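# A structural walkthrough
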Amino acid sequence: YVALELAPLAQAEPGMVGCWPLATDTLDYAGVGNWSQKPREEYEGRYGGVTFESMGGPNGMESSAMFHADHLVVREGRHACDPLPQEGLTVAVWVKPVYVGDGWSGFVGCFQDNSNNEAGWVLGTRSHRHFKFWVGDGTGEHDYMGSVVDNEPFDFNTWYHVAATYDGSQVKLWVDGVQKGAARNSPRARLTYPGPHLAAHTTYESSTFAIGSYVDANEDWQHYGALSRLTVWDRALAAG
């Protein structure tokens with residue numbers, strides 16, 4: 001994987017947790033969390049299995065990040081997910097898939113998805129070319145991850161704007177500004193993340209806040225294709 005170097009904006013927009021243009025570098029231009037792991041050495045514009053390529057990016061972007069069986073690490077460890085929002089969330093990204101396998105893939109997320117020990121969230125795809133958003137809310141005796149899926153398959157080599165929101169009670173998935181699904185979560189009204197504060201998760205020595213993979217303690221399902229303009233907010237933004 002590739003660890004990210006994160007540099008703050010002069011003034012981050014209110015509520016913005018992270019903003020990765022992924023045009024020519026791996027920098028977070030919001031930097032609210034002050035996360036500062038450095039990437040592996042850049043060589044000819046390549047960070048591990050991620051390159052920046054001129055491929056007609058969305059809305060006039062001259063280049064975007066192409067993922068080749070690798071992913072970017074924003075933060076890792078037992079407290080990897082700690083700075084992420086709990087009471088509301090919007091995550092949005094431009095994606096251009098070129099391949100999906102028989103399992104899943106992730107665009108961005110920080111989670112554990114193991115039997116009853118499930119918490120966090122991840123936006124990505126499931127098999128057969130469907131966008132999907134998984135989210136954990138810590139319901140009942142065990143944590144679990146609910147999900148919402150776009151039942152219409154996407155096309156390869158096509159740009160899509162994919163977004164997911166959580167407003168404390170309902171999860172929604174959006175594709176190109178159109179709502180594709182919704183699910184109502186538990187009355188706990190907050191997102192639950194893996195970490196030592198959860199008894200079921202104290203055995204996990206490390207979680208990963210990753211871009212470009214569905215990655216937890218025993219899975220690493222890579223995204224194959226381009227990503228651009230990834231943002232994370234601490235509230236559910238309105239459509240449009």
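Residues numbered from 1 in each chain as written. Predicted model: local features only at pLDDT ≥ 70, side-chain atom pairs only at ≥ 80, totals over all residues. Heavy atoms only, no water.

## A short note on the pattern of salt bridges
Tallied over the full model, the rule gives 3 salt bridges. Across the pair Lys180 and Glu152 runs a salt bridge whose closest N-O atoms are separated by 3.1 Å. Highlighted residues: Lys180 in strand S14 (residues 178-184) and Glu152 in the loop between strand S11 (145-149) and strand S12 (160-166), separated in sequence by 28 residues. When its relative accessible area of 48% is taken as the criterion, Glu152 is described as partly exposed. In this structure, Asp234 engages Arg235 in a salt bridge whose closest nitrogen and oxygen atoms are separated by 3.7 Å. (Salt bridge = Lys/Arg side-chain N within 4 Å of Asp/Glu carboxyl O. Helix = DSSP H or I, 4+ residues; strand = E, 2+ residues; numbered from the N terminus. Buried < 20%, exposed > 50% of the residue type's maximum accessible area, 1.4 Å probe, protein only.)

## Re unusual backbone geometry
With a phi angle near 55°, Leu22 is a residue other than glycine that sits in the positive phi range. Of note, Leu22 is situated in the loop between strand S2 (16-20) and strand S3 (46-47). By relative accessible area, Leu22 is classed as buried at 0%.

## Side note on the confidence of the model for the chain
Looking at the chain, pLDDT values average 78 and 74% of them are 70 or higher. Of the regions scoring below 50 in pLDDT, residues 1-11 engages in 51 contacts with residues more than four places distant in sequence or in other chains. In the model, residues 33-39 has pLDDT below 50 throughout and makes 25 contacts with residues more than four positions away in sequence or in other chains. (pLDDT = per-residue confidence, 0-100. Contact = heavy atoms within 4.5 Å.)

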